[in-house]
Amino acid sequence: MNELKKILVAEDDPKDAELMLIALEEFKVANNIVLVKDGAEALDYLHKRGKYSERENKNPIVAFLDLKMPKVDGITVAREVKSDPKLKTIPIVIVTSSREEKDLVESYNIGVNAYVVKPVEFEKFIETVKQLGIFWALINEPPV
Amino acid sequence: MKFYNKSSIRVKIKLIILSVCFMAILLVFAGFYIYEMINSRQMLLNDLSTKGGIIAKNVDAALAFSDSSDAAEVLLSLETQPNIRGAAIYDAEGNIFVTYRKENHKIEFPAKPNESEEYIFSENVLTGFEPVYLGNEKIGSVYLVLDLSEQIARSESYIKIGLLVMFGTLIISFIVATLVAKNISAPIVSLAGTAEKIAKLQDYSIRAEKKTSDETGLLVDSFNDMLNKIMERDRNIRETNINLQNAEKRYRTTLDNMLEGAQIIGFDWTYLYLNEVAVKQSRFPREKLIGAKITDVYPGIEDTELFKYMKLCMEERKPHYMENEFIYPDGSVSWYNLNIEPVPEGIFILSADITEEKMLQQELKKYHEQLEELVKQRTEQLQEANSELESFTYTVSHDLRAPVRHISGFLDILRKNISKDLDQKNERYLNLIKEAAVEMGNLIDDLLTFSRTAKAQITLRPVNLNYIVYEEIEKLKPDFEGRKITWEISKLPEVKGDPHLLGIVMCNLISNAVKFTAKKEEAVITINCQDNDDKHLICVKDNGAGFEMEYYDKLFGVFQRLHNTSDFPGTGIGLATVKKIISKHGGEVWAQSKPGEGASFFFSLPKINDN
């Protein structure tokens, strides 16, 4: 396990992105984080297109997708990932400030692995990320 | 016979009586006379025969001995017989033997006796032969001549008497007949006179006078009775006529003055009647219409639908109602409501001009269409605004929450980083900032819930309220950890509602009850239900702080709070949200309280049948 495992974080808000990075730092995985600014960039990364065409072949072990992003939103990215045979094994966690039920229902319909509402309190956010048992499982033993 | 038929009853009666009397007397007299004649003849014959027989007996010897003097002597004895004019005796050979003549009567004796020896009546005499027998041998004949003058004189006097009697009888019967005729005919004549007078004067009030109570009287009675009836009928007819005339006048006046056009068209398609309105509607002068054919007045009308129905009514007597667009010869158009009815003269058409109404209708329709278009536009605009609002709310939820989250997030990191150098004062400031951020977050969440509730479409489903209550209490458990709360929850009904929204209602009411009993050592929260005929009444009661009814009006308003945030934290949106949801379900919310004695919150939900 000497290879660094990549975590894809798609977040358009730089402050949220920073909070996210700080939270993940808590788990000492900061080196492996790839931060993209919108859905289009996320897709470029996943499909190895544009500026990410040179990236190594390994898929990220998990993708945190903000729901509301410029260009392409999180749901669309998730849908594309889950319908692509090469990408669909990547666990998707939708992160959003919205509690709108329809987003939740739609996300689960697509097949995302988790749905996290950004809590107001940072501690709560860290707690939430911790509670994603799936995350730890993936960190240690990604599916083949 | 003609004369008889023409003559009056009186003359007839007279004639009948006279002729009957005359005939009777004539017959009686004739019978009597004939009988007398026959009788006297028979007597004469018998007389002659007897005398002849006697002479024959007396002269048989003289004849037998041809003694003429003796025979003459026998004949002379006839001198005493006044009615014998003469006699002769004939011998066996038939020669005259002896003759006798009375006085100077000239008598021609027949030369030979008549073989038949019969009696013969001639002008004034009766002559006859009587045989003379000696033993059985006929030896001669006796010839006698009987004078009939006396007889004739007698019959003449008979006739005279008869005529006299007849004359007398006729005079008497004439007098009687006149009286009888007068008596019998008078009432009839008077009746006839009355009848004639009535016929002449046409006055049915005249009555015949009743003079007798026989059949004539009966006739008079019947006649008068008949007159009464005629008068009655006459009066009825006159009354009916007057009524009819009045009715006709009334109808005609009604027709004439009606607001609708009225016209009658005959079977030959000519105008028989038009009221003023109809004339006006026709746009022709009356003189041009009456008697003219509609097909001539409006050439080409035969091809219209109107004419089709007129014809149908004319031929099959079928009434028809129609709204008709009538195009005048000059091309202008009017709308009419037409009633086409069959009448004995042809067809009757009632026409109401609805052109103005029609125009208004069309205009109204136009306005209506415009309005509909406007409504459509407005609806679209409204929908647009609504969706804009929705996306706005969504954006607000996303964008307002983000800065709050950031404040809170970075505050936590900051506190972590400087926790070692933090004095108590600065620690408190950090806590206040944190509290404000959390409060702001809650406010935004509550506002979002409220706005989502306002625009939420509710879908009614059977909802188990008990289940919802337990679910919400379960969710709220962290808020009352370590407190002593007695829950008294009755069996609640299954209601029809939106489970998610009703969950919000229960959550708000229960969390309020929990919140406002926070300062009680022992809290009692009661949830029960009372049903009436068409509603479920649900009550959530606590023994908490309560509120003053004075401020009741503010209770269910947005951002309205009756307590200090420091005493009981809250955003003041919860009860507004409850009210919104319950009113969306067709129910009502109210509350009762006294400060320090707790509060009772009630809401009602209509009972909805599955049918």
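Residues numbered from 1 in each chain as written. Chains lettered and ligands numbered in written order. Predicted model: local features only at pLDDT ≥ 70, side-chain atom pairs only at ≥ 80, totals over all residues. Heavy atoms only, no water.

Visitor: Whenever I open this one, the overall build of chain B confuses me. Can you help?
Guide: Secondary structure summary: chain B contains 14 helices and 17 strands in total. A total of 611 residues make up chain B; the buried ones form 36% of that total. Carbon and sulfur atoms provide 56% of the accessible area of chain B, an area that totals close to 37,700 Å². (Helix = DSSP H or I, 4+ residues; strand = E, 2+ residues; numbered from the N terminus. Buried < 20%, exposed > 50% of the residue type's maximum accessible area, 1.4 Å probe, protein only. Areas by Shrake-Rupley, 256 points an atom, 1.4 Å probe, with all protein chains shown as cover.)

Visitor: Looking at this model, I keep getting lost on unusual backbone geometry. Mind explaining?
Guide: Despite not being glycine, B:Ser66 shows a phi value in the positive range, around 55°. Locating B:Ser66 in the fold gives a position in the loop between helix H2 (9-64) and helix H3 (68-76).

Visitor: Just checking my understanding: could you explain the pairing of strand S7 (residues 271-274) of chain B for this structure?
Guide: Taken residue by residue, a regular strand's side chains alternate between the two faces of the sheet. All names here are of chain B. With 3 bridges joining them, strand S6 (residues 261-266) and S7 adopt antiparallel strand pairing. Bridging across to S7, Ile264 finds its partner in Tyr273. In this antiparallel pair of consecutive strands, S6 and S7, the connection spans 4 residues, and Trp269 shows a positive phi of 70°. (Pairing = 2+ DSSP bridges.)

Visitor: Would you mind showing me how to read the sheet that holds strand S10 (residues 346-353) of chain B here?
Guide: Paired through backbone hydrogen bonds, the strands of a sheet run either parallel or antiparallel to each other. All names here are of chain B. With respect to topology, 5 strands assemble into an open sheet ordered S7-S6-S10-S9-S8, the strand pairing being antiparallel. With one partner strand each, in any of the chains shown, S7 and strand S8 (320-327) form the two edges of the open sheet. Direction aside, neighbouring strands of the sheet carry axes that sit 25° apart on average. The pairing of S8 with strand S9 (residues 333-343) spans 8 bridges and is classified as antiparallel. Residue Glu325 lies in a different strand from S9, and its bridge partner there is Trp335. Each of S6, S8, S9 and S10 is contacted by helix H9 (residues 305-316), which is oriented at about 10° to S9, the strand it contacts most. (Axes fitted to C-alpha atoms, helices over the stretch in contact; angles between N-to-C directions. Contact = heavy atoms within 4.5 Å.)

Visitor: So what exactly am I meant to see when it comes to the pattern of salt bridges here?
Guide: Working definition: two side chains of opposite charge can pair if their charged atoms are close together. Overall, the coordinates contain 21 salt bridges over all chains when judged by the stated rule. The shortest N-O distance in the salt bridge between A:Arg49 and A:Asp44 comes to 3.2 Å. Exposure remark for A:Asp44: the relative accessible area of 26% places this residue in the partly exposed category. Its salt-bridge partner being B:Asp531, residue B:Lys607 comes within 3.6 Å of it at the nearest N-O pair. Of this pair, B:Lys607 sits in the segment after strand S17 (599-606) while B:Asp531 sits in strand S14 (residues 523-531), and the two are 76 residues apart along the sequence. The class for B:Lys607 is partly exposed, based on a relative accessible area of 34%. Taking relative accessible area as the criterion, B:Asp531 reaches 43% and is therefore assigned partly exposed. (Salt bridge = Lys/Arg side-chain N within 4 Å of Asp/Glu carboxyl O.)

Visitor: Sorry if this is basic, but what is going on with a nonpolar patch on the surface here?
Guide: Residues and elements named next belong to chain B. On the surface, Phe167, Ile171, Phe174, Ile175 and Leu179 cluster together to form a nonpolar patch covering roughly 510 Å² of accessible area. Take Ile171: it is sitting in helix H4 (residues 149-201). What makes Ile171 partly exposed here is its relative accessible area of 40%. (Patch = residues over 30% accessible without salt bridge, like charges linked within 9 Å, V, L, I, M, F, W, Y side chains within 5 Å.)

Visitor: I would appreciate a short explanation of the environment of A:Tyr52 in the present structure.
Guide: All names here are of chain A. Residue placement: Tyr52 occurs in the loop between helix H2 (39-47) and strand S3 (62-66). Note on Tyr52: relative accessible area 12%, which makes it buried. Contacts of Tyr52, omitting those with residues within four sequence positions, involve Leu35, Val36, Glu41, Asp44 and Tyr45.

Visitor: What should I look at first to understand the confidence of the model for chain B in this one?
Guide: Low pLDDT marks stretches whose predicted atomic positions should not be read closely. Here chain B shows a mean pLDDT of 85. Residues at 70 or above account for 97%. For this predicted complex, the interface confidence comes out at an ipTM of 0.75, alongside a pTM of 0.41. (pLDDT = per-residue confidence, 0-100.)

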